[in-house]
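Descriptive analysis of the structure
The lines below spell out each chain.
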Amino acid sequence: MSTRAVPAAVPAAVPTRGRAACSCPLPLPCECSYAGLLRARVRALTAGEPLLRNGHVLTASSLLTAAFGAVFWMLATRWYGSEFVGLSYAVLTAVVLISEIGQLDLADVLIRFLPAVGRGARSLLIRCYLIATAAALLVGGLFLVLVPAIAPDLDFLRSPPVAVSFLAMTAGYTLFALQDGALTGLRRPGWVLGENALFAVVKIVLLAVLAGWALRAGILVSWAGALLAALLTANVLLFRRILPARASASDRTAARAADGAAGRDSATAAPRLARYATADYLGALLRLTAATVVPLVVLDTLGPDQIAYYSLAWVIAYTFYLVALNLGSSLIVEAAGAPGRLGEHGRRVLRHAGVLVAAGVLVTVVAAPWVLSLFGAEYAEHGTALLRLLALSALPHLVLSIAVDAARARRRLVPIVALQGVYCVLVLGLTVWLLPPFGLVGVGLAWLIAATVLAVPLLCTLPRWLPAGATTAAETPTTAAPADGVRTTERSTAGRSTAAVPTTTVRTTGLPPTADPTTERRRP
């Protein structure tokens, strides 16, 4: 009886004469398909390295949400009259804006601290849910009181049944943003993509069904129904699968060890977390101010038609900001587990995102008139130069974004709040100065100049805030454990950080219905 010899395993990359090593598992000469070779090379680039992989998934989630949001509003304009579309868009924009204020930027706090949490993860998440929901309801109630003065067209929101529904939607969207932060911090970006896809698909399906029933409030009801489906799915997953899995034997052991140090650090851990959250929120308010006031200045100076051109160009250009924002989230998560590799990871993200953003910006600069012509010839005529400038501003903004996220990982609070303040002042000041003589082109120049003014010194001082080598012992964060079992990282020096990555909230007036206000969340 003969036995068949089993060939020995061949290394994945075997050099041959004059040929580059292959990334597939087959020996050279390679006989695999081009598709198999491409998949193998992609796996080789991301194998064992969640930094870029998770950032790409988060970016895909944001892009998917934006794409389905555009489809949702395109269908809404076909199935509903302009009056209902306009009022619905105004209501949803108010919901998103109030939620952004009421969240207290706790989604970013979850991204920063959940990776280092043991058995206190559930407690931290529930507390963030309760605090953010209460704040959103408070801000929403104040908005309803002031509606006659600030938005008379939305006075119908003050009737009791509608007011309750409006506040429920605001609280729900707040939890929606926080659950994305929780899933990101728990290294589950695939579920972020999944629940955002669920929200987008259910929203469109319900819109079609309700349009067939001729329901006047179909846009708002479909949005609320999809939000409820996403909330239930994600939170069942969080509290019944992901969080219990973290309470494994190893996590409980680590938590008990952390509790041993709780007596020494309990007096200072809670204030440290509060200081971080406060500075984090201040940075969020600064970037929100810049993004919110600029459209108002455009509206007041140039009128509603011009704000429509600006809003569409901003929504398209914001796609390139998402690359840096989502890769930055992944950077913060990985830095929480390996603080000594922050410089290495940060430089890798900066290089990788730079290539992606530069390629996208180049395509946009060339194709801007054709892209805008899809929305009408007037958009191409008035918005082409603006879109090009806004897209170019994403390149220096990339440096600013990574610098801010690196500082957040180190918890350097005061310098980053100051940096965001300078950025906000530059954007607003340059907009007021350049808008009258140059029109919308002046607004694009304002964003580009403001980001460049900050990016140039950051690049010159790159070795200081993003060292190439491993973090030294003096810079390595030390572990501090609060009494509730939540382990955080704190620098042994006096450095602090904040979440201060620029984002936007699109205003309601004159915004084309193809831009979904619910796609403007900072973190995916």
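Everything discussed here concerns the structure shown above.
Residues numbered from 1 in each chain as written. Predicted model: local features only at pLDDT ≥ 70, side-chain atom pairs only at ≥ 80, totals over all residues. Heavy atoms only, no water.

**Focus: unusual backbone geometry**
Located in the positive-phi region is Leu-104, a residue other than glycine, with phi close to 60°. On the secondary structure map, Leu-104 appears in the loop between helix H3 (82-102) and helix H4 (106-113). Within the chain, Asp-105 stands out as a residue other than glycine whose phi angle is a positive 60°. Mapped onto the elements of the fold, Asp-105 is located in the loop between H3 and H4. Taking relative accessible area as the criterion, Asp-105 reaches 9% and is therefore assigned buried. (Helix = DSSP H or I, 4+ residues; strand = E, 2+ residues; numbered from the N terminus. Buried < 20%, exposed > 50% of the residue type's maximum accessible area, 1.4 Å probe, protein only.)

**A look at the packing of helix H2 (residues 50-79) against helix H7 (residues 189-212)**
The interhelical angle for the contact between H2 and H7, taken along N-to-C directions, is 5°, at an axis separation of 8 Å. Considering their axes alone, H2 and H7 lie roughly parallel with respect to each other. Its residues assigned to classes, the contact of H2 with H7 comprises 20 nonpolar, 6 polar and 1 charged. (Axes fitted to C-alpha atoms, helices over the stretch in contact; angles between N-to-C directions. Parallel < 35°, antiparallel > 145°, perpendicular 65-115°, else oblique. Nonpolar A, V, L, I, M, F, W, Y, C, P; charged D, E, K, R; others polar.)

**Concerning helix H14 (residues 413-438)**
Over its 26 residues, H14 extends 36 Å from the first C-alpha to the last, a length consistent with the 38 Å expected when each residue adds 1.5 Å. After H14 finishes, the residue Gly-439 shows a positive phi value of roughly 70°. (Expected span 1.5 Å × (residues − 1).)

**Notes on the packing of helix H6 (residues 160-185) against helix H8 (residues 218-246)**
Contact pair H6 / H8: the axes reach a minimum separation of 10 Å and the direction vectors enclose 40°. Regarding the angle of H6 to H8, the classification is oblique. Both H6 and H8 take part in a crossing whose hand is left-handed. Residues Met-169, Gly-172, Tyr-173, Leu-175, Phe-176, Gln-179, Ala-182 and Leu-183 of H6 pack against Leu-220, Trp-223, Ala-224, Leu-227, Ala-230, Leu-231, Ala-234, Asn-235, Leu-237, Leu-238 and Ile-242 of H8. Residues of the contact of H6 with H8, tallied by class, amount to 16 nonpolar, 3 polar and no charged. (Left-handed = near helix turned anticlockwise from the far one by under 90°. Contact = heavy atoms within 4.5 Å.)

**Structural notes on the nonpolar core**
With 69 residues, the main nonpolar core has Val-294, Tyr-310, Tyr-423, Val-443, Trp-447 and Trp-465 as its most contacted residues. Those elements giving two or more residues to this core turn out to be H2, helix H10 (262-302), helix H11 (304-337), helix H12 (342-373), helix H13 (377-410), H14, helix H15 (440-460) and helix H16 (462-465). Look past the residues within four positions of Val-294 in its chain and what remains in contact with it is Tyr-310, Val-427, Leu-428, Thr-431, Val-443 and Trp-447. The next biggest cluster of nonpolar side chains, apart from the first, holds 35 residues, and it includes Tyr-173, Leu-207, Ala-230 and Leu-231. (Core = buried A, V, L, I, M, F, W, Y, C linked by side-chain atoms within 4.5 Å.)

**Describing the packing of aromatic side chains**
Applying the stated criterion across every chain yields a total of 13 aromatic pairs. Ring geometry for Tyr-309 against Tyr-379: centres 5.2 Å apart, planes inclined by 90°, an arrangement best described as edge-to-face. Remark: Tyr-379 occurs in helix H13 and Tyr-309 occurs in helix H11; sequence separation between them is 70 residues. The exposure classification of Tyr-309 matches that of Tyr-379, with both residues buried. By the ring-pair criterion, three or more aromatic residues cluster together here, those being Trp-314, Tyr-318, Tyr-321, Tyr-423 and Trp-447. Its guanidinium or amino end placed over the ring of Phe-113, Arg-112 lies 5.0 Å from that ring's centre, counting from NZ or CZ. The ring of Phe-72 carries the charged tip of Lys-203 above its face, separated from the ring centre by 4.9 Å. (Phe/Tyr/Trp six-rings, centres within 6.5 Å; stacked < 30°, edge-to-face > 60°. Lys NZ or Arg CZ within 6 Å of the ring centre and 35° of its normal.)

In short, shape yes, function no, at least from these values alone.
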